Amino acid sequence: MTATTVGPVVAARNTATLAWRTLVSIKHNPYELLDFSIQPIMFLVLFTYVFGGAISGSTGDYLTFGLPGIIVQNLLFATLNTGVGLNTDISKGVFDRLRSLPISRFSPLAGRIVADVIKQAWAVTLLLVVGTLLGFRIGTGPVEVIGMYVLLLVFAFATSWMSVLVAMLVSEPEKVQIFGFVLLFPLTFASNAFAPTATMPGWLQAWVKVNPVSILADAVRGLLNGGPVGTPVTQSVIWAVILLVVFAPVSVWAFRRRV
């Protein structure tokens, strides 16, 4: 049996095994834990207590507005770990060793993405817990909260393919981070994730209103705080589908050429 002739059940098992490998490797590489744990908490605490009073009048009011945006911001930046991890494995020859085994050719790629989506769920939960300790209160029910998780993880999965593509095109993990930050910084900070759209100049408001980060942040606010959710959730799903349709096939093609 070769790496390209295994059945779907075996491929799924291979993917699960390699996803577990990625998750277990955290104990040997605590740096990853910082990205998914310490860094989100730092963003939440600093934005709440440094900017919260100036933007919303009080830290409590800012948490209601800002926590959903910080969750979205962290979600997008964390997708860079998928590309960094893939590039690192390729650079260190891990994929060459895996390719010699009777496993699905795409299970290393799928395993990394699945593991990082699980890490994303952990980061969202951690931010909600810390936000609650700081004074945030969820204003909706379990169904809306579960819907928020589903929406965020679907969007994270779709966005991860952008990171995968960058990882396949550059030679070093550091370059994945550089290209990723160049793209994500304008998207996240020129949005309503951290500040209301009405406080921005008119020319910037036009971009903020159509920015997918703003749309996703509004969807998360609606699902956590109550309020309109139909339009932002629908538009967020559409954006996720667009990202998946555009980047997944190109990323798979680049993966085939690289490995």
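Residues numbered from 1 in each chain as written. Predicted model: local features only at pLDDT ≥ 70, side-chain atom pairs only at ≥ 80, totals over all residues. Heavy atoms only, no water.

**Thoughts on the overall build of the protein**
- Counting its secondary structure elements, the protein contains eleven helices and zero strands.
- Going from the N terminus to the C terminus, the protein shows its helices and strands as α-α-α-α-α-α-α-α-α-α-α.
- The globule rule puts the C-alpha radius of gyration for 259 residues at 18 Å, and the 19 Å found for the protein is close to it.
- In terms of overall dimensions, the protein has C-alpha extents of about 65 × 35 × 35 Å along its principal axes.
- Split into buried and exposed, the 259 residues of the protein put 49% on the buried side. (Helix = DSSP H or I, 4+ residues; strand = E, 2+ residues; numbered from the N terminus. Rg over C-alpha atoms; globule rule 2.2 N^0.38 Å. Buried < 20%, exposed > 50% of the residue type's maximum accessible area, 1.4 Å probe, protein only.)

**Notes on the packing of aromatic side chains**
- Applying the stated criterion across every chain, the model contains ten aromatic pairs.
- On the numbers, 4.6 Å between centres and 25° between planes, the contact of F47 with F194 is stacked. With F47 in helix α2 (residues 30-56) and F194 in the loop between α8 (173-189) and α9 (202-210), this residue pair connects regions lying 147 residues apart in the sequence.
- Owing to a relative accessible area of 12%, F47 belongs among the buried residues under this scheme.
- The exposure class assigned to F194 is buried, which follows from its relative accessible area of 7%.
- Taken together, the ring pairs in this structure connect F43, F47, F51, F77, F181, F185, F189 and F194 into an aromatic cluster.
- Lying over the aromatic face of F65, R221 brings its terminal NZ or CZ to 3.9 Å of the ring centre. (Phe/Tyr/Trp six-rings, centres within 6.5 Å; stacked < 30°, edge-to-face > 60°. Lys NZ or Arg CZ within 6 Å of the ring centre and 35° of its normal.)

**Some details on the pattern of salt bridges**
- Considering all chains together, one arrives at four salt bridges under this definition.
- Across the salt bridge formed by D116 and K119, the nearest N and O atoms sit 3.4 Å from each other. One end of the pair, D116, and the other, K119, are both in helix α6 (residues 107-134), three residues apart, so they sit about a helical turn from each other. We note that D116, like K119, is buried. (Salt bridge = Lys/Arg side-chain N within 4 Å of Asp/Glu carboxyl O.)

**Overview of the packing of helix α3 (residues 59-78) against helix α4 (residues 80-91)**
- Two elements in contact, α3 and α4, have axes separated by 4 Å at closest approach and are oriented at 15°. Considered as vectors, α3 and α4 are oriented roughly parallel to each other. Facing L76, F77 and A78 of α3, the residues of α4 in contact are L80, N81 and T82.
- Of the residues in the contact of α3 with α4, the class split is four nonpolar, two polar and no charged. (Axes fitted to C-alpha atoms, helices over the stretch in contact; angles between N-to-C directions. Parallel < 35°, antiparallel > 145°, perpendicular 65-115°, else oblique. Contact = heavy atoms within 4.5 Å. Nonpolar A, V, L, I, M, F, W, Y, C, P; charged D, E, K, R; others polar.)

**Here we look at the nonpolar core**
- Within the largest apolar cluster, 41 residues are counted, with the highest numbers of intra-cluster contacts made by I71, V72, L128, M148, L152 and L224.
- Those elements that provide at least two residues to this core are α2, α3, α6, α7 (142-169), α8, α10 (212-225) and α11 (230-258).
- Considering each element in turn, this core owes the most residues, ten residues, to α3.
- If we skip the residues at most four places from it in the chain, L152 touches I71, V72, L75, V124, L216 and V220.
- W161, A167, A248 and V259 belong to the second-largest nonpolar core, a separate cluster that totals 18 residues. (Core = buried A, V, L, I, M, F, W, Y, C linked by side-chain atoms within 4.5 Å.)

**Remarks on the environment of L187**
- With respect to the helices and strands, L187 occurs in helix α8.
- Separated by 151 residues in sequence, L187 and F36 have C-alpha atoms that sit 20 Å apart.
- Look past the residues within four positions of L187 in its chain and what remains in contact with it is W207, N211 and V213.

**Re α4**
- Relative to the 16 Å expected for twelve residues at 1.5 Å per residue, α4 spans 16 Å between its end C-alpha atoms, a close match to the ideal helical length.
- Among the twelve residues that make up α4, ten are buried, leaving the element largely enclosed by the rest of the structure.
- Directly beyond the C-terminal end of α4, a positive phi value near 85° is found at G93. (Expected span 1.5 Å × (residues − 1).)

**Considerations on the side chain of N211**
- By the element assignment, N211 lies in the loop between α9 and α10.
- Among the polar contacts listed, one links the side chain of N211 to the backbone oxygen of A190, at a separation of 2.9 Å.
- With sequence-adjacent residues up to four places away left out, N211 is seen in contact with L187, A190 and S191. (Polar contact = N/O pair within 3.5 Å; in protein donor to acceptor, adjacent residues only side chain to side chain.)

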